[in-house]
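# Summary of the model geometry
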Amino acid sequence: MLQSMIIQAPAKVNYRLDVVGRRPNGYHDLRMIMQRVNLCDEVTLRLVAQPGIRVTCGQHDVPEGEGNIAWKAARALLELSGSDQGVEIEIVKQIPVAAGLGGGSSDCAAVLLGLNELLRLGLSLERLMEIGVTLGADVPFFVFGQTALAEGIGELLTPLAKVPTAWVVLVNPNLPVSTAWVYQNLQLTQRDQLAKLPNSFENVAELCDILGNDLESVTIPAFPVIDEIKRSLVGLGASGALMSGSGPTVFGLFEDEATARKAAADLQQHHNWFLAVAETC
Ligand code: ATP
């Protein structure tokens, strides 16, 4: 019987993030278009005889015990299985932490999907998504596994009919931007109607027509460098650029690999930022 598994857990970017409303419990109703990109954490899962859950990561800003969202995923599935086995989870981070790229949520989804197989639970994707949303709002999207319109707090997912592949340059200026701070400082704009979004895009230029993130109204005034990065990416050939999630990572969308790699190399020469070139997946 299979006892271990290695899973690539991708990052995400938000092509669109509209904050639609605020709930009494502090959560926000969102409308997002979410896309996976192949900058991946590597998550290794092992079933072991010794009971308990052990997470190793070796990064000072990522908790290794119960505080790790991957630990919580393992506990949820172990409880459901009734198994007395233990689980070891080793995470090699490539996705910057607290960067708006969904790294923790993706690790969590990888554990849900992986342990569902290792423990032979046979849970449906829908069930895993239900468990996922109790752990983090972006987790259902990573379980879903395809480009999607995400509504509610992020758990109501609709696949897009057609999306072009794109090259993505990710730029993280390593600023301390907390998701909670961003939402606390967001002024909800009064809108009678949300602009309608297409669910089919023929090419990267069409995608760029809908790029938008309400959270930039909080982060850009506080950290103007986010806007400078967007302008630089467009100046270096990106068809469009936007902050992802609650930031601070900015991504540029490119139609071809060579231009994307050259843009990243140019930025890397002049700045001490995290830079990565990835493809949508
Ligand atoms: P969010 O927008 O949900 O805050 P993010 O993509 O900006 O997500 P993450 O990299 O997921 O940020 O990390 C958010 C916080 O979660 C960090 O402060 C980190 O300490 C904690 N955390 C818990 N588990 C993990 C994990 N497996 N990987 C990264 N961070 C984790």
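An account of the accompanying structure is given in this report. (Residues numbered from 1 in each chain as written. Predicted model: local features only at pLDDT ≥ 70, side-chain atom pairs only at ≥ 80, totals over all residues. Heavy atoms only, no water.)

This next bit is on the overall build of the protein chain. Scanning the protein chain from N- to C-terminus turns up 9 helices and 11 strands. Computed over C-alpha atoms, the radius of gyration of the protein chain comes to 19 Å, within 12% of the 19 Å expected from 2.2 N^0.38 for 281 residues, which places it in the range of a compact globule. Each principal axis of the C-alpha atoms in the protein chain carries an extent, and together these give about 55 × 45 × 35 Å. Put simply, of all contacts in the protein chain between residues at least 6 apart along the chain, 74% involve residues at least 24 apart. Of the roughly 12,700 Å² that the protein chain leaves accessible, carbon and sulfur atoms contribute 49%. When the 20 basic and 31 acidic side-chain charges of the protein chain are each reduced to a single mean position, those positions are 2 Å apart. (Helix = DSSP H or I, 4+ residues; strand = E, 2+ residues; numbered from the N terminus. Rg over C-alpha atoms; globule rule 2.2 N^0.38 Å. Contact = heavy atoms within 4.5 Å. Areas by Shrake-Rupley, 256 points an atom, 1.4 Å probe, with all protein chains shown as cover. Lys, Arg positive; Asp, Glu negative; His and termini not counted. Charge placed at Lys NZ, Arg CZ, Asp CG, Glu CD.)

Looking now at the site of the ligand. Residues in contact with the ligand amount to 20 residues; listed here are only the nearest, Asp61, Gly100, Gly102, Gly104 and Thr179. The backbone of alanine 99 places a nitrogen or oxygen atom 3.2 Å from an oxygen atom of the ligand. In isolation the ligand offers 600 Å² of accessible surface; the protein chains occlude 75% of this area. Of all the cavities here, the one that holds the ligand is the largest pocket. The dominant element in the shell around the ligand, judged by the number of residues it contributes, is helix H2 (residues 103-118), at 3 residues. Its residues assigned to classes, the shell around the ligand comprises 9 nonpolar, 8 polar and 3 charged. (Near = heavy atom within 4 Å. Polar contact = N/O pair within 3.5 Å; in protein donor to acceptor, adjacent residues only side chain to side chain. 1 Å grid on protein atoms, 1.4 Å probe; cavity = no way out; pocket = protein on both sides within 12 Å on 5 of 7 lines; lining within 4 Å. Sits in = over half its atoms within 2 Å of the grid points. Nonpolar A, V, L, I, M, F, W, Y, C, P; charged D, E, K, R; others polar.)

Computed from the structure, the largest pocket encloses a volume of approximately 970 Å³. Taken together, 41 residues line the largest pocket, and the ones lying closest to its centre are Ser105, Ala137, Asp138, Thr179 and Ser246. The set of elements that each furnish at least two residues to the lining of the largest pocket consists of strand E1 (4-22), strand E2 (28-48), H2 and helix H5 (179-184). Among the elements that line the lining of the largest pocket, the one with the most residues is H2, at 4 residues. (Points joined across faces, edges and corners; volume = space filled by probe spheres on them.)

This part covers the sheet that holds strand E7 (residues 167-172). Read from one edge to the other, the open sheet built from 4 strands follows the order E9-E10-E7-E11, with strand pairing classed as antiparallel. Looking at strand neighbours, the two that pair on one side only are strand E9 (240-243) and strand E11 (274-279), the edges of this open sheet. Between one strand axis and the next, the sheet turns by 20° as a mean value, whatever way the strands run. As defined by bridge partners, E7 adjoins E11 across 6 bridges and the pair is classed as antiparallel. (Pairing = 2+ DSSP bridges. Axes fitted to C-alpha atoms, helices over the stretch in contact; angles between N-to-C directions.)

Our next topic: the side chain of serine 105. The topology assignment puts serine 105 in helix H2. Look at serine 105 and you get buried, because its relative accessible area is 12%. The contacts of serine 105, once residues within four sequence positions are left out, are Ile69, Asp138, Val139 and Phe142. (Buried < 20%, exposed > 50% of the residue type's maximum accessible area, 1.4 Å probe, protein only.)

Here the focus is the packing of aromatic side chains. Summed over all chains, the structure comprises 3 aromatic pairs. Between phenylalanine 141 and phenylalanine 142 the ring centres are 5.2 Å apart and the planes differ by 65°, which places this aromatic pair in the edge-to-face class. A residue is classified by how much of its surface remains accessible, and phenylalanine 142, at 5% relative accessible area, is buried. Pairing tryptophan 181 with phenylalanine 223 gives two aromatic rings, centres 6.1 Å apart and planes at 70°, and the pair type is edge-to-face. Linking tryptophan 181 in helix H5 with phenylalanine 223 in the loop between helix H7 (216-222) and helix H8 (225-235), this pair joins segments that are 42 residues apart in sequence. For phenylalanine 223, a relative accessible area of 19% translates into the label buried. (Phe/Tyr/Trp six-rings, centres within 6.5 Å; stacked < 30°, edge-to-face > 60°.)

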